[in-house]
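# Commentary on secondary and tertiary structure
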Amino acid sequence: MRIDARNLLDRLGKNDFAYKEFEDRFSELELWPILEALLRDPRLQAIDQAEATVAAMPEPAPTEVVETYSGESLSSLFSRYGRGPAADAPGDRRGGSQQQDVRAMLRHLSDLGSQGKI
Amino acid sequence: MPVIVTHGLKGGAGTTFTAAHIAMALSEAGADVTVLTVAKRDTMPLHFGLQPAMTLPSLFAPAEDAVLVAGIDLRSLTTAPEDNDFVPALRDLGFLETGQDKVMVIDIPSAEFAFARRVIPHASASVCVINAAPDTLALMPQVLAEASPENIAATSFVINALDETRRLSRHSSAFIRELVGARLLGRIRLDESVPEAIAMLQQLSKYAPSSAALADAKAIGTALVPALETPGRPWVARGSSPASSSSRAA
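Residues numbered from 1 in each chain as written. Chains lettered and ligands numbered in written order. Predicted model: local features only at pLDDT ≥ 70, side-chain atom pairs only at ≥ 80, totals over all residues. Heavy atoms only, no water.

### A short note on the pairing of strand β2 (residues 33-37) of chain B
Residues and elements named next belong to chain B. Among the 5 residues in β2, 5 count as buried, and that is most of the element. Alternating positions in β2 separate into two faces, Val 33, Val 35 and Thr 37 on one and Thr 34 and Leu 36 on the other, with burial throughout. Two strands pair when backbone bridges link them, and β2 and strand β4 (residues 72-76) are joined in this way by 4 bridges, in the parallel orientation. Residue pairing for β4: Thr 37 is matched across the bridge by Ser 76. (Buried < 20%, exposed > 50% of the residue type's maximum accessible area, 1.4 Å probe, protein only. Helix = DSSP H or I, 4+ residues; strand = E, 2+ residues; numbered from the N terminus. Pairing = 2+ DSSP bridges.)

### Describing the packing of helix α1 (residues 15-28) of chain B against helix α9 (residues 212-223) of chain B
All names here are of chain B. Where α1 contacts α9, the two axes come as close as 8 Å, and the packing angle between them is 65°. Along this stretch, α1 crosses α9, giving a crossing that reads as right-handed. In contact with Phe 17, His 21, Ile 22, Ala 25, Leu 26 and Glu 28 of α1, α9 contributes Ala 213, Leu 214, Ala 217, Lys 218, Gly 221 and Thr 222. (Axes fitted to C-alpha atoms, helices over the stretch in contact; angles between N-to-C directions. Left-handed = near helix turned anticlockwise from the far one by under 90°. Contact = heavy atoms within 4.5 Å.)

### Observations concerning the pairing of strand β6 (residues 125-131) of chain B
Residues and elements named next belong to chain B. With 7 of 7 residues buried, β6 is to be regarded as a mostly interior element. Judged by which residues are buried, β6 turns out to be covered on both faces: Ala 125, Val 127, Val 129 and Asn 131 on one side and Ser 126, Cys 128 and Ile 130 on the other are all buried. Judged from the 5 bridges that link them, strand β1 (residues 3-8) and β6 form a sheet pairing that is parallel. Following the sheet pairing, Thr 6 is matched in β6 by Val 127. In terms of strand pairing, β6 meets strand β7 (residues 155-162) through 6 bridges, oriented parallel. Counted as the bridge partner of Cys 128 is Phe 157 from β7.

### Focus on the sheet that holds β6(B)
Residues and elements named next belong to chain B. Ordered in space as β3-β4-β2-β5-β1-β6-β7-β8, the 8 strands form an open sheet in which the pairing is mixed. In the strand order of this sheet, the two ends are held by β3 (67-69) and β8 (184-189), each with one partner. Strand-to-strand twist of the sheet, defined as the mean angle between neighbouring strand axes without regard to direction, takes the value 25°. With respect to the sheet, α1 is in contact with β1, β2, β4, β5 (103-107), β6, β7 and β8, its orientation differing from that of β5 by roughly 170°. Relative to β8, α9 is tilted by about 165°, and along the sheet it contacts β7 and β8.

Written as structure tokens, this is what we have:
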């Protein structure tokens, strides 16, 4: 670490330093097409299956995990964002990708960020 | 004597750095730790402040040949990915059992994904190190399609070298968090002191004790301590309440 940065941290009484997370308004920004493409890829379903497997496993010893987490599986995430058929038919939520409300998901991520949950 | 596996989706994710610091955190927690690298091009010694010319001794080399750094036994076995008897050999050496008396952290290069698949079912924890970057995200569907449901379920994730000042990094990180959910162990912030410590041939903890990446990596390693009590059944992160987060940006 540069000495001037070290001195600044000492004056601030901090050991490290990070930018505050910006309150991105995803809905106001252009979408990243790669995120939209990934959300429409049915192979991501494997995460949902894994979540079910994890849920069926015995609870491990309590531990503090570093990251925050909203406590929802991807499937519940999508069912909550979904509009119309996508919300009514979870099994079809990525197969019927045209109904996928990607913008709503990103808006939700923005809300979580502004609430300090992610 | 549990085994913890670190691996990644693509090269350059920082798997070796993460493995080294998980080992250090477990050692500080009281575990007797062996680090095993199976990479033919190995950078593990650099994360322990060793010389670049250092070649680590074989897993099967006698104790007098051991390279010990801060009590951590550094070993190499480049033939392991092709050796079908590797897991039985681990068992014969006394690993794959419970407790902290002997722990092995195996760092597996991204190209050796088939080897990782073989070892993960026997590990107490599988840690996949990823970057919040679009090329990494693009690989996720393929990797998930190739992996067994059991191995996916057994894997926890770490976001490494996260630059929270960059919009795309923040968006990609948020995407990963939503995707992997409770199994996100945490994130390690991008920190120039990491390569600087390597260049200085020092351990990061010596070169930059206040390093943000050091604090993040240590927290992740500490979070893995419960995994030492789950031999033969992979421990996975299960998240926590928002109030208990300790790594939010200042």
